[in-house]
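Notes for the structure review
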Amino acid sequence: MPQVTFRISRGSTHQDSQFVDYQTDITEGMVVLDAVHQIQEESAPDLACRWNCKAGKCGSCSAEINGKPRLMCMTRMDTIPTDQPVTIEPMKAFPRIRDLVTDVSWNYEVKKRIKKFKPRKPDAPDGTWRMQQVDVDRVQEFRKCIECFLCQNVCHVLRDHHKHDEFSGPRHYVYTAALEMHPLDTEDRIKDVKDEQNIGYCNITKCCTKVCPEHITITDNAIIPLKERVGDEFYDPVRKLFRIFRPGK
Amino acid sequence: MSRTNISLPQRSFGETSRIDAWWSQPLIVFLGLLAFVVYSTWAAFQGAHYSFGAYLSPMYSPLFFEAYEHAATGHALFGDWPKWLPAAVIGIPLTPAFLILWAPGGFRFTCYYYRGAYYKAFWGDPSNCGVGEWRKGYRGERWFPLVFQNIHRYFLYFAILFIFVLTYDAFMAMWHAPDGMTYAQAKTDSVLNFGIKVGTLVLIINPILLGGYTFGCHSLRHLIGGFMDKFSGNSGRKKAYDCVSCLNRGHAKWAWASLIWVGFTDLYVRLCSMGVWTDWTIIG
């Protein structure tokens, strides 16, 4: 059984954190979260780490492994080099509570401010609606989101420029796109996408897409289509002209 | 959005815990784009060797006028360089390439793929995912001048026209002048002969790659159906949306392949015209 060194960031704030090295044995089939649990058991019982399902579905164990935002429970040890210390850090776009645990509550506050689903009148007398599968194919991709917030963490607008006051981030564009493209929805969120969520801050680096553990094509299927819808409404002079002559359309 | 109480440390330029060669991809993009910009600018300034027989360089197509004091090539739509157009502006030569290159150049500059690529490679905004930035302030694409990236769809309209023009050029590249005649003469006299040469294939591949790039554009994907919330009852539009989406999934690959091929096509025509390369005949 090879022994691997894990260099884990510890502390109560990002500013006052320090790396501490731990050695533990790695066996076949282990994931990084297993190693962290083993370290807790063997040498650091006070090491804080959030986890829940251990199956890549709860989105709790988000962290940065060798500098890359990933779910600890879905990162197999045989996919990362072990001949040098494996670095584990908490997400850097959110305040740290302790060790590997961060306070992601900002995301829930932002989500509350997005206009809710507002369906059209029911199609049938029993109060139900009828939809075709072809109409919901697009939004079903967005429903896969597990809210691990790795996309928020890697987005440089939040991570480096700390625009939490102005920018809602990729997770919330996915959420907005799921509502906005829904065939039953009648709400208009495009002005908010531009002025409140400030989608103009996104410069399409596709980092969010690269780190998504659910493989949601965030940039191409959610953010850019929303940018195009904003373009329709605010940056397309020909469409504006049409709207003058066809008001109400 | 309301104020939050989040305090995070400012990271320094290049700060990262990544252990992979994160710098290699932006470096390759930087060198690739820089090489193309330098070459295409140089080629645009030449105003010579932009055609060889039936071939016209894509960097000069459509050729509205022959270059200043250039002999007739048979490709110009409106003949010689007109008197009302200056041959140079404040000492910088004006060539036919400058009359058209703004359109494909603008299309690529405002392209969603290229934007992400050159923001990383040229502006370090960020250099790569999870790597600290050198700039402290950030305005994104919300303000002047980058808010103008939103005109991408207008460049798309021009880019689609160019696909038709370059397809016509590829078709015309199959019709060559008989020995002893210039292409311009043979075209005027309608005595062009069918033939497939290496250059013909080079010019045929060019609009195919450019088509793959242009018809996979994110803006086209939106305009052709992405703006709708319902596809049922409109199977034609759904099929068109699926086709564009299919090309869109490989947009970066199409972008690079078409960019490289445009440069190579110009180089091929140029070197044949200069007598450096021989244009081998395959059929005819």
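Scroll up a little and you will see the structure.
Fair warning: this is a prediction, and the values are worked out from it, not measured in the lab.

Turning our eyes to something else, we now look at the packing of aromatic side chains. Remark: the centre distance and the inter-plane angle together describe each pair of aromatic rings, the angle taken between the planes. Counted by the stated rule, this structure contains 33 aromatic pairs over all chains. The interplanar angle of 75° and the centroid separation of 6.0 Å between the aromatic rings of Y118(B) and W123(B) together place this pair among those described as edge-to-face. Among the residues examined, Y118(B) registers a relative accessible area of 8% and is labelled buried. Here the aromatic rings of F144(B) and F148(B) are separated by 5.9 Å at their centres, their planes lie at 85°, and the arrangement is edge-to-face. Following the ring pairs from residue to residue traces out a cluster consisting of F64(B), F65(B), F78(B), W81(B) and W84(B). The ring centre of Y175(A) lies 4.8 Å from the NZ or CZ of K111(A), which sits over that ring. Geometry around W134(B) places R135(B) over its ring, the cationic atom sitting 6.0 Å from the centre.

It is worth spelling out the sheet that holds strand β2 (residues 18–25) of chain A at this point. Residues and elements named next belong to chain A. Taken in spatial order, the five strands of this open sheet run β2-β1-β5-β3-β4, and their pairing is mixed. With partners counted over all chains shown, the strands left at the sheet margins are β2 and β4 (68–71), one partner each. The sheet shows a mean angle of 35° between the axes of neighbouring strands, taken without regard to direction. Together, β1 (3–10), β2, β3 (62–65) and β5 (86–89) form the strand contacts of helix α1 (residues 32–42), whose direction differs from that of β2 by roughly 95°.

Residues and elements named next belong to chain B. Note on placement: Y114 falls in helix α4 (residues 112–121). Note: C-alpha distance between Y114 and R270 (156 residues apart in sequence) is 27 Å. Excluding residues within four positions of it along the chain, Y114 makes contact with L33, R108, Y119, Y213, A255, W256 and L259.

The next thing to look at is the interface of chain B and chain A. Contact residues are listed per partner, giving 54 residues for chain B and 63 residues for chain A. Across the chain B/chain A interface, buried area totals approximately 5200 Å², and carbon plus sulfur atoms make up 51% of it. The closest approach of N and O atoms between R153(B) and D236(A), which form a salt bridge, is 2.8 Å. The tally of links from chain B across to chain A stands at 33 residue pairs in polar contact (both at pLDDT 80 or more). Here the side of chain B that touches chain A gets six residues from one element, more than from any other, and that element is helix α8 (residues 218–226) of chain B. Here the residues of the side of chain B that touches chain A are counted per class, giving 18 nonpolar, 18 polar and 18 charged.

What counts, and where the lines are drawn
Residues numbered from 1 in each chain as written. Chains lettered and ligands numbered in written order. Predicted model: local features only at pLDDT ≥ 70, side-chain atom pairs only at ≥ 80, totals over all residues. Heavy atoms only, no water. Phe/Tyr/Trp six-rings, centres within 6.5 Å; stacked < 30°, edge-to-face > 60°. Buried < 20%, exposed > 50% of the residue type's maximum accessible area, 1.4 Å probe, protein only. Lys NZ or Arg CZ within 6 Å of the ring centre and 35° of its normal. Pairing = 2+ DSSP bridges. Helix = DSSP H or I, 4+ residues; strand = E, 2+ residues; numbered from the N terminus. Axes fitted to C-alpha atoms, helices over the stretch in contact; angles between N-to-C directions. Contact = heavy atoms within 4.5 Å. Buried area = accessible area lost by both parts, 1.4 Å probe. Salt bridge = Lys/Arg side-chain N within 4 Å of Asp/Glu carboxyl O. Polar contact = N/O pair within 3.5 Å; in protein donor to acceptor, adjacent residues only side chain to side chain. Nonpolar A, V, L, I, M, F, W, Y, C, P; charged D, E, K, R; others polar.

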